[in-house]
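Fold and geometry: a report
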Amino acid sequence: MSVKKSIHIRVWGRVQNVGFRAFVAQQANLLGVMGWVHNVGRDQVEVRAEGHETTLQSFFEIVKEGPSVSRVERHEVEWGEFTEKFKKFQVRWF
């Protein structure tokens, strides 16, 4: 089994009003990833998540593609240490 890590993902493009956050939350729950997703500004979504490194890599590949109605034009990812501060995955509304 891989080591546990955290990941911070930002995506830009047509990622709001297309079900992007719900899609990310659904995928996170399917993979057993903990953390959150929320909108930033008018064309950016931010994701913070924790889990096994191999699972997070798969999650990142899914997030940077997004649902079929979205269009990710740019993405950034930062890897970090596992903190165990998330107990579930949620959509944040702030």
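Below is a short write-up of the structure. Residue numbering note: each chain is counted from 1, following its sequence as written. Where local features are concerned, this predicted model is filtered to residues with pLDDT of at least 70; where side-chain atom pairs are given and counted, the filter is 80 or more; whole-chain, interface and lining totals use all residues. Side-chain metrics rest on all non-hydrogen atoms present in the structure, leaving aside hydrogens and water.

1. Overview of the packing of helix H1 (residues 20-31) against helix H2 (residues 53-65)
Two elements in contact, H1 and H2, have axes separated by 10 Å at closest approach and are oriented at 155 degrees. Put simply, H1 runs roughly antiparallel to H2. Helix-helix and strand crossings are classified by hand; for H1 and H2 the assignment is right-handed. The residues of H2 that touch H1, namely those facing Phe20, Phe23, Val24, Gln27, Ala28 and Leu31, are Thr55, Phe59, Ile62 and Val63. Amino acids outside the nonpolar list (Ala, Val, Leu, Ile, Met, Phe, Trp, Tyr, Cys, Pro) and the charged list (Asp, Glu, Lys, Arg) are all regarded as polar, and Gly is one of them. Grouping the amino acids of the contact of H1 with H2 by side-chain chemistry returns 8 nonpolar, 2 polar and no charged. For helices, the fitted axis covers only the stretch in contact; all axes are lines through C-alpha atoms, and the angles between them, taken along N-to-C directions, range from 0 to 180 degrees. Put simply, DSSP H or I for four residues or longer makes a helix, DSSP E for two residues or longer makes a strand, and each gets a number counted from the N terminus. Just so you know how the angles are binned, under 35 degrees is roughly parallel, over 145 roughly antiparallel, 65 to 115 roughly perpendicular, and the rest oblique. Each crossing is labelled by how the near helix is turned from the far one, with a counterclockwise turn of less than a right angle marking it left-handed and a clockwise turn marking it right-handed. Residue contacts are defined here by distance: any two heavy atoms, one from each residue, within 4.5 Å place the two residues in contact.

2. Description of the sheet that holds strand E1 (residues 4-14)
Note: two strands are recorded as paired if DSSP finds a minimum of 2 bridges between them. Strand order in this open sheet of 5 strands is E4-E1-E3-E2-E5, and the pairing throughout is mixed. One side of each edge strand has no neighbouring strand; the edge strands of this open sheet are strand E4 (71-81) and strand E5 (89-91). Taking each pair of neighbouring strands and ignoring which way they run, the sheet shows an average axis angle of 15 degrees. In terms of strand pairing, E1 meets strand E3 (residues 44-52) through 9 bridges, oriented antiparallel.

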